[in-house]
Amino acid sequence: MTSPQSDPAPQPPQPPQGHAHGHTHSHGPAAPVSKHLRKVIAAVVIPFATAVVVGLIAFWPGGVPDHERTGVGFDRQTQDGKVVQVVKVDCADVNAAQVPPTGDTSTPSGREAVNEQEGECAKATVEVTSGDDKGRTFVEVVQPDAPRQLREGQGVVVAYAPDAPRDLQYSVTDVNRKIPMTLLAAIFALAVIAVGRMRGVMALVALAVSFAVLTLFILPAILQGSNPLVVAVIGASAIMLAALYMCHGVTARTSVAVVGTLISLLLIGLLGSLFIGWADLSGNTDDNTGLIHGLYPDIDMSGLLLAGVIIGSLGVLDDVTVTQTSAVWELHQADPQMGWRGLYRAGIRIGRDHIASVVNTLVLAYAGAALPLLLLFSIAQSSVGTVANSELVAEEIVRTLVGSIGLVASVPVTTVLAALVVSADRPGASPSSSTAAAPARTGRGRRRKA
């Protein structure tokens with residue numbers, strides 16, 4: 001009885017089951033590819049990266065444009081403050097609420113006014129702890145039914161209205177959450193580094209780069225009047241290149257994931273542009289977008305909506321394309337005799353499981369974000385058709401479905417690209433193309449004629 005001698009190690013189980021090899025060696029060095037394939041991949045990726053750099057330079061903003069503050073919503077001057085004293089008082093003594101002149105208490109507002117007038121209010125003394133008026137104090141009355149109650153020693157955010165009477169210039173707008181948010185971010189960073197080691201560090205660096213591109217390029221460029229779609233494509237491409245190469249190394253495997261992500265982003269952009277225009281989605285559906293449009297009327301709000309779809313889909317796309325590419329590479333290492341069709345069939349079986357979980361995650365994420373809105377429609381007993389037809393919900397539906405179509409398409413696209421690249425590799429390219437994994441790849445019978 002004879003046994004095959006083509007592999008120095010025992011042959012792993014064959015991959016028809018597909019799913020056991022998706023992440024087996026993803027932490028190790030990528031299998032080497034020939035010099036010819038590296039040149040082909042470079043011929044695609046380098047021009048794309050060059051175009052992204054040129055786009056960043058051409059559209060780079062000079063900063064956020066100045067404007068005169070309106071004092072509405074987020075467009076207010078704010079300072080830090082601290083509650084130094086809280087005293088309980090009768091609401092009637094501080095005129096906290098007024099019963100409607102008709103005395104009608106059948107409405108929610110009328111009943112609330114009566115409760116507030118007859119209840120016990122909190123009279124808080126707040127000290128400004130930053131800015132030119134540091135040390136100044138003012139009084140804030142908190143009604144008993146207010147969603148946010150103040151307590152002594154609590155940090156708060158105060159809004160400043162310079163044109164108001166002196167006694168009314170400051171008011172509490174929110175709670176200061178900097179300490180718990182900073183602590184949570186630190187715990188997150190430690191967890192990522194503890195589990196991911198150097199990969200975790202690079203992931204955090206890539207995350208910082210992503211936020212830098214978003215805050216220093218994408219947002220200011222849109223505010224300066226640049227086309228939101230063009231800015232989003234350039235910015236998302238820059239984030240993708242930085243994140244993928246930082247986290248996964250400058251390898252052929254990563255480059256295939258980059259190309260797969262790029263094709264999927266283009267599909268999302270085309271579908272999003274088509275259906276946002278067809279459904280007449282204005283992108284101006286709430287107070288925040290209304291304020292943006294009022295301050296900067298030249299901004300294309302529907303383009304801004306499309307830009308949000310592209311950027312929002314990018315993070316999940318990265319995960320899908322990298323996973324699929326790694327799965328195909330590992331399948332090839334497990335069975336070098338497998339041709340590109342076999343690699344594609346095995347890889348797509350892994351991808352189908354990934355599609356099911358990722359699409360469900362994306363839909364639930366959007367549904368969770370829109371949960372208060374969905375509750376309002378439920379209270380109003382609106383039909384499903386009425387809810388879906390409203391612009392607020394239609395935006396989320398289009399955003400979810402367009403992003404999901406891009407995710408679904410990214411699986412076969414990336415899988416076939418990876419299968420073609422890894423199966424078309426030819427042995428004996430050059431010594432410089434070898435890595436630590438090269439001894440395990442003898443170069444014999446790399447692919448089987450399909």
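Think of each chain on its own: its residues are numbered from 1, step by step along the sequence as written. Restriction of local features to residues with pLDDT of at least 70 applies here, the model being predicted, together with a cutoff of 80 or more for giving and counting side-chain atom pairs; totals for whole chains, interfaces and linings are based on all residues. To get the side-chain values, all heavy atoms of the structure are used, and hydrogens and water are removed first.

Next up on the list: the overall build of the chain. Looking only at helices and strands, the chain features 11 helices and 5 strands. In this scheme, a residue with accessible area under 20% of its type's maximum is buried, one over 50% is exposed, and one in between is partly exposed, where area comes from a 1.4 Å probe on protein chains only. Here the chain holds 450 residues, and 38% of them are scored as buried. Numbering of helices and strands runs from the N terminus, with a helix taken as a DSSP run of H or I at least four residues long and a strand as a DSSP run of E at least two residues long.

This part is about the confidence of the model for the chain. Confidence scores per residue from the predictor, reported as pLDDT, run from 0 to 100. Mean pLDDT over the chain works out to 77, with 77% of the residues at or above the 70 mark. Mean pLDDT values over the elements of the chain span from 56, in helix α2 (residues 108–118), up to 91, in helix α3 (residues 178–223). We call two residues in contact when some of their heavy atoms are within 4.5 Å. Counted against residues more than four places away or in other chains, residues 1–31, with its pLDDT under 50, gives 44 contacts. Contacts of residues 428–450 to residues separated by more than four positions or lying in other chains number 44 contacts, the stretch itself having pLDDT below 50.

The next thing to look at is empty space enclosed by the protein. Points on a 1 Å grid over protein atoms alone make up a cavity when a 1.4 Å probe fits among them but cannot get out, and a pocket when they form an open set with protein on both sides within 12 Å along at least five of seven lines; lining residues each have an atom within 4 Å of a point. Grid points are joined across faces, edges and corners, and a volume is the space filled by probe spheres set on the points. This model, assessed by the stated rule, comprises 1 cavity of 30 Å³ or more. The space that makes up the largest cavity amounts to roughly 40 Å³. Of all the secondary structure elements, the ones that give two or more residues to the lining of the largest cavity are α8 (340–369) and α11 (391–423). For the lining of the largest cavity, the element with the highest residue contribution is α8, accounting for 4 residues. For this scheme, ten residues count as nonpolar: Ala, Val, Leu, Ile, Met, Phe, Trp, Tyr, Cys and Pro. Four count as charged, namely Asp, Glu, Lys and Arg, and the remainder, Gly too, count as polar. For the lining of the largest cavity, the residue count by class is 7 nonpolar, 1 polar and no charged.

We define a salt bridge as a contact between a side-chain nitrogen of Lys or Arg and a carboxyl oxygen of Asp or Glu at a distance within 4 Å. Under the criterion given, the structure shown has 5 salt bridges. When the shortest N-O distance is used, the salt bridge between aspartate 133 and arginine 136 registers 3.4 Å. According to the relative accessible area criterion, arginine 136 is buried, its value standing at 14%. Here aspartate 174 and arginine 177 are joined by a salt bridge, their closest N and O atoms 2.9 Å apart.

Here we take up the sheet that holds strand β5 (residues 170–175). In short, DSSP must find at least two bridges between two strands for them to pair. Across the sheet, which stays open at both edges, the 5 strands sit in the order β3-β2-β1-β4-β5 with antiparallel pairing between neighbours. Each having just a single partner strand, β3 (137–142) and β5 make up the two edges of the open sheet. Across this sheet, the average inter-strand angle for adjacent strands is 45 degrees, counted without regard to direction. In the sheet, strand β4 (residues 155–160) pairs with β5 via 5 bridges, with the strands oriented antiparallel. Considered in β5, the bridge of valine 156 is made with valine 175. Note on geometry: axes are C-alpha line fits, over the in-contact stretch for helices, and angles between N-to-C directions span 0 to 180 degrees.

Once that is clear, we can look at the packing of α3 against helix α4 (residues 228–248). Across the interface, α3 lies against α4 with an axial gap of 9 Å and an inter-helix angle of 165 degrees. In terms of orientation, α3 and α4 fall into the roughly antiparallel class. As α3 runs across α4, the sense of the crossing is right-handed. Each of Arg199, Met202, Ala203, Val205, Ala206, Val209, Ser210, Val213, Phe217, Ile218, Ala221 and Ile222 in α3 lies in contact with α4, whose residues at this interface are Pro228, Val231, Ile234, Gly235, Ala236, Ile239, Ala242, Ala243, Met246, Cys247 and His248. Split by residue class, the contact of α3 with α4 holds 19 nonpolar, 3 polar and 1 charged. Any angle between 65 and 115 degrees counts as roughly perpendicular, while under 35 counts as roughly parallel, over 145 as roughly antiparallel, and the rest as oblique. Helix crossings are classified by the rotation of the near helix relative to the far one: an anticlockwise turn of less than a right angle makes the crossing left-handed, while a clockwise turn makes it right-handed.

Unusually for a residue other than glycine, arginine 197 sits at a positive phi of about 55 degrees. Among the structural elements, arginine 197 can be located in helix α3. Residue classification places arginine 197 among the exposed positions, given a relative accessible area of 62%. Phi angles above zero are rare outside glycine, and aspartate 280 is one such case at about 55 degrees. Mapped onto the elements of the fold, aspartate 280 is located in the loop between α5 (252–278) and α6 (287–295).

Relative to the helices and strands, serine 237 resides in helix α4. Ignoring anything within four residues of it in the chain, the contact list for serine 237 reads Phe48 and Val52.

Turning our eyes to something else, we now look at the nonpolar core. Judged by nonpolar contacts, the single largest core of 61 residues is most densely connected at Phe217, Val258, Trp329 and Leu343. Considering every element that reaches this core, the biggest residue donor is helix α7 (residues 301–334), with 13 residues. For leucine 343, the residues in contact, after removing those within four places along its chain, are Val328, Leu331, His332, Met338, Ala419, Val422 and Ser423. Nine residue types can take part in a nonpolar core, namely buried Ala, Val, Leu, Ile, Met, Phe, Trp, Tyr and Cys, and a core is a set of them joined through side-chain atoms within 4.5 Å. Ala122, Leu150, Val158 and Val172 belong to the second-largest nonpolar core, a separate cluster that totals 12 residues.

Here glutamine 324 is to be found in helix α7. Exposure remark for glutamine 324: the relative accessible area of 0% places this residue in the buried category. Here a polar contact means two N or O atoms within 3.5 Å. Within protein one must be a hydrogen donor candidate and the other an acceptor candidate, and residues neighboring in sequence count only if both atoms are side-chain atoms. For glutamine 324, the side chain forms a polar contact with the side chain of threonine 415, separated by 2.8 Å. For glutamine 324, the residues in contact, after removing those within four places along its chain, are Gly347, Ile350, Gly351, His354, Val411, Thr414 and Thr415.

This part takes up the packing of α7 against α11. Orientation of α7 relative to α11, taken along the N-to-C sense of each, is 30 degrees, at an axis distance of 8 Å. Compared by their axis directions, α7 and α11 come out roughly parallel. The crossing of α7 and α11 is right-handed. For the contact of α7 with α11, the class distribution of residues is 14 nonpolar, 11 polar and 2 charged.

This next bit is on the environment of valine 205. Tracing the backbone shows valine 205 in helix α3. Put simply, valine 205 and alanine 242 are 37 residues apart on the chain and 9.3 Å apart in space, counted from C-alpha to C-alpha.

Once that is clear, we can look at α3. How far a helix is expected to stretch is found by multiplying one less than its residue total by 1.5 Å. With 46 residues, α3 should reach 68 Å at 1.5 Å per residue; the first-to-last C-alpha distance of 27 Å falls well below that figure. Residues Gly200, Ala206, Ser210, Val213, Phe217, Ile218, Pro220, Ala221 and Ile222 constitute the buried set of α3. Immediately downstream of α3, the backbone of glycine 225 shows phi near 100 degrees, a positive value.

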